[in-house]
Amino acid sequence: GHFYDMSCVGYSADGQYVATGGDDSKLKVWNALTGYCFITFADHTSAVTALQFTKGNQVVLSASLDGTVRAYDLVRYRNFRIFTSPTPVQFNSLAVDPSGEIVCAGCLDTFEIYMWSMQTGKLLDVLSGHEAPISSLAFRPDGLSLASSSWDKTVRVWDVFDRSKIVERLEHGHEVLALAYRPDGKELCASTLDGQIHFWDVAKAAPTGTIEGRRDIAGGRKAGDKVTADNTSSGKSFNSLCYSADGTAVLGGGNSMYVCLYDRRSSILLRKFQITKNQSLDGVQFKLNSKLMTEAGSADLIDSDGIDSDTEKQADRSLPGVKSGDKSNRLLKPEARTRDVKFSPTGRQWAAASTEGLLIYSLDETMVFDPYELDEDVTPDTIRDLSRKGDHLRALVNGFRLNEKYLIREVYEAVPPLDVVLLTKDFPEAYLERLLKFIADIIESSQLLEYHLRWISGLLSNHGTFVKTRSAALQPVLRTLQRGIT
């Protein structure tokens, strides 16, 4: 993974890939199904603060504190475009319009938004008006407008294609930390420093609701806190927001060990996810040992023996090639927090960039493991007996457990054509890939084309979600099926 903390995360349009940016100035792209990182880009010279895929999944863009926005080609794995500003600035937010032609980035220094053309790489415009650092950017899903949030307590909606129109200002009572558009583009939500999530009607520029999430997102007590976890004001706000794929739920993460999922219509907390229980991280415990609290603060943060000034302790004893040094010498604990959350476009999973790394929560059991359970009851005779009695589902599953191809084919072809639809509906997904591969192997040499098509149609229609989530692994099998049918 990343050498330091992950700072941002993003899904590709089909949900197959997840990209992460980190404080180690690297951009990594992962397979969402297997969890393997298959490419790392290390062109940035400072922390990566934001990233986004284009709709075609062939380009991923990243913004960095080094003052550049880089576009990477995921076909040839190269950095093919670098966007820069006339004067050096630090970019901390990024947005790409749905067509992939316009790239926008907000900065910390000049409080401006820079807009470039993806085709030419030229700077098209500079949007100014904010009076404090910009915290987040988001294009409306139809691409007609750009929303920006800032620490100046406003959200501004810009028409990037017609600058003669008035910029819409959405006023808030506190600093705005994050924003997100609903997938249909009719609603916008923004989180503020007081822990609230505000919802706005985009067409009327009017507030439609508020969620009070201060108590929900509140984490544990940090080692340096002088007051209890309930009375502290830090870490009680959302610094990242995201709508679900259908727009019915809102996901929020912040500087605590919790990620909160809310129902948009009722504004009720549906679930609170705890990203870690690691006691070595700061902010996980709600109560600290009072024996460790002194007048100068927590005893864990005080160098009581004064060895730090000793030249022997300052000597570097790390092995050649080691960059991290001796982590046991550190006095400060890493803080448990979530810096970015994103829902997958499929709506079946979401990811969080946290202190513990990249966390993916999914409704699908992508790790398919089913032991063969071979015992004295799984024999060719018992399998044929099940098939004769009409228990075709158990017979076929046991055939795959025994893994004898002649027996699988015998049981498979014994299923009546009218029972195929019902059988495919109840067929276990643990054996779905093997059944599709079996059909792909025999379809070219078999004369029962219509019978095979019944099986294929039933399996794909009843288990479409499973096939879509494993499309990368099933691609060779599906191609073989297509070739056999055509």
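All values derive from a computational prediction rather than experimental measurement. Sequence order as written defines the numbering, with residues in each chain counted from 1. In view of the model being predicted, local features appear only for residues whose pLDDT reaches at least 70, and side-chain atom pairs are presented and counted only at 80 or more, with totals across whole chains, interfaces and linings using the full set of residues. Excluded from the side-chain calculations are hydrogens and water; all other atoms, namely the structure's heavy atoms, are used.

A.B. asks: In this structure, what is going on with the packing of helix α3 (residues 380-388) against helix α4 (residues 392-402)? I would like to understand it.
C.D. replies: How two helices pack is summed up by the angle between their axes together with the distance between the axes. Helix axes are fitted to C-alpha atoms over the stretch in contact, other axes to C-alpha atoms as well, and angles between N-to-C directions run from 0 to 180 degrees. Labels follow the DSSP assignment, with helices taken as runs of H or I lasting at least four residues and strands as runs of E lasting at least two, numbered in each case from the N terminus. Contact geometry for α3 and α4: axes closest at 8 Å, N-to-C directions at 155°. In terms of axis orientation, α3 runs roughly antiparallel to α4. α4 is crossed by α3, and the crossing has left-handed handedness. Every residue of α4 that contacts α3 at P380, I383, L386 and S387 is listed here: H392, R394, A395, N398, G399 and L402. Grouping the constituent residues of the contact of α3 with α4 by class yields 5 nonpolar, 4 polar and 1 charged. In what follows, roughly perpendicular refers to angles from 65 to 115 degrees, roughly parallel to angles under 35, roughly antiparallel to angles over 145, and oblique to any angle outside these ranges. Throughout, a crossing is termed right-handed when the near helix is turned clockwise from the far one, and left-handed when it is turned anticlockwise from it by less than a right angle. Residue contacts are counted whenever heavy atoms from the two residues lie within 4.5 Å of one another. Note that Gly is not counted as nonpolar here; it falls among the polar residues with everything else outside the nonpolar set of Ala, Val, Leu, Ile, Met, Phe, Trp, Tyr, Cys and Pro and the charged set of Asp, Glu, Lys and Arg.

A.B. asks: Is there a simple way to explain a nonpolar patch on the surface in this structure?
C.D. replies: Each patch is assembled from residues with relative accessible area greater than 30% and no salt bridge, linking like charges that lie within 9 Å and nonpolar side chains (Val, Leu, Ile, Met, Phe, Trp, Tyr) that lie within 5 Å. Working definition of accessibility: Shrake-Rupley area with a 1.4 Å probe, residue cover restricted to the visible protein chains. For salt bridges, the criterion is a side-chain nitrogen of Lys or Arg within 4 Å of an Asp or Glu carboxyl oxygen. A grouping of L449, L453 and I485 is seen on the molecular surface, where their side chains present a nonpolar patch of about 210 Å² in accessible area. For L453, the position within the fold is in helix α8 (residues 449-462).

A.B. asks: Could you clarify how one ought to interpret the side chain of S93 in this entry?
C.D. replies: Along the polypeptide, S93 turns up in strand β9 (residues 91-96). Apart from residues no more than four positions distant in its own chain, S93 is found in contact with T49, A50, A63, C104, A105, G106, I134, S135, S136 and L137.

A.B. asks: It is not clear to me how the nonpolar core should be interpreted in this structure. Could you clarify?
C.D. replies: Nonpolar side chains in soluble globular proteins tend to be buried together. Residues belong to one nonpolar core when they are buried, are Ala, Val, Leu, Ile, Met, Phe, Trp, Tyr or Cys, and are joined through side-chain atoms within 4.5 Å. Buried means the residue's accessible area, taken with a 1.4 Å probe over protein chains only, is under 20% of the maximum for its type, while exposed means over 50%, and partly exposed covers the values in between. Of all hydrophobic cores here, the largest spans 33 residues; its most connected members are L396, Y412, F427, L435, I439 and W455. Residue assignment for this core shows that the elements contributing at least two residues are α3, α4, α5 (405-413), α6 (420-426), α7 (432-442), α8, α9 (464-469) and α10 (471-485). With 7 residues, α7 is the largest single contributor of residues to this core. Excluding residues within four positions of it along the chain, W455 makes contact with L396, Y412, V415, V420, L423, T424, L435 and I439.

A.B. asks: Which parts of the structure should I look at to understand unusual backbone geometry?
C.D. replies: Leave glycine aside and you will find that most residues have negative phi; peptide bonds, for their part, are mostly trans. With a phi close to 70°, S25 is a non-glycine residue in the positive phi region. At S267, a position not held by glycine, the phi torsion is positive, near 60°. Mapped onto the fold, S267 is located in the loop between β23 (258-263) and β24 (269-274). When its relative accessible area of 29% is taken as the criterion, S267 is described as partly exposed.

A.B. asks: What is the right way to read the packing of aromatic side chains from this model?
C.D. replies: Aromatic rings in a pair are described by how distant their centres are and how their planes are angled relative to each other. Aromatic rings from Phe, Tyr and Trp, with only the six-membered ring used for Trp, were paired whenever their centres fell within 6.5 Å, and each pair was classed as stacked if the ring planes differed by under 30 degrees, edge-to-face if by over 60, and tilted otherwise. Under the defined criterion, the tally for this structure stands at 17 aromatic pairs. When the centroid spacing of 4.4 Å and the interplanar angle of 10° are considered together, the rings of W350 and Y361 count as stacked. Here W350, found in strand β28 (residues 349-354), pairs with Y361, found in strand β29 (residues 357-362); they are 11 residues apart in sequence, far enough to count as distant. By relative accessible area, which is 24% here, Y361 ends up partly exposed. Note on Y412 and F438: the rings are 5.3 Å apart at their centroids and 80° apart in plane angle, and the pair reads as edge-to-face. With Y412 in helix α5 and F438 in helix α7, the pair connects residues that are 26 residues apart, well separated along the chain. Given the relative accessible area of 6%, F438 is considered buried. Every member of this aromatic cluster is reached through a ring pair, and the members are F400, Y412, Y431, F438, Y451 and W455. Remark: a charge is flagged as sitting over a ring if the NZ atom of Lys or the CZ atom of Arg is within 6 Å of the ring centre and within 35 degrees of the ring normal. Positioned over the ring face of F199 is R264, at 3.9 Å from the centre of the ring. Across the ring face of Y258, the terminal group of K272 is positioned such that the distance to the ring centre comes to 4.4 Å.

This is a description of form; function is not addressed.
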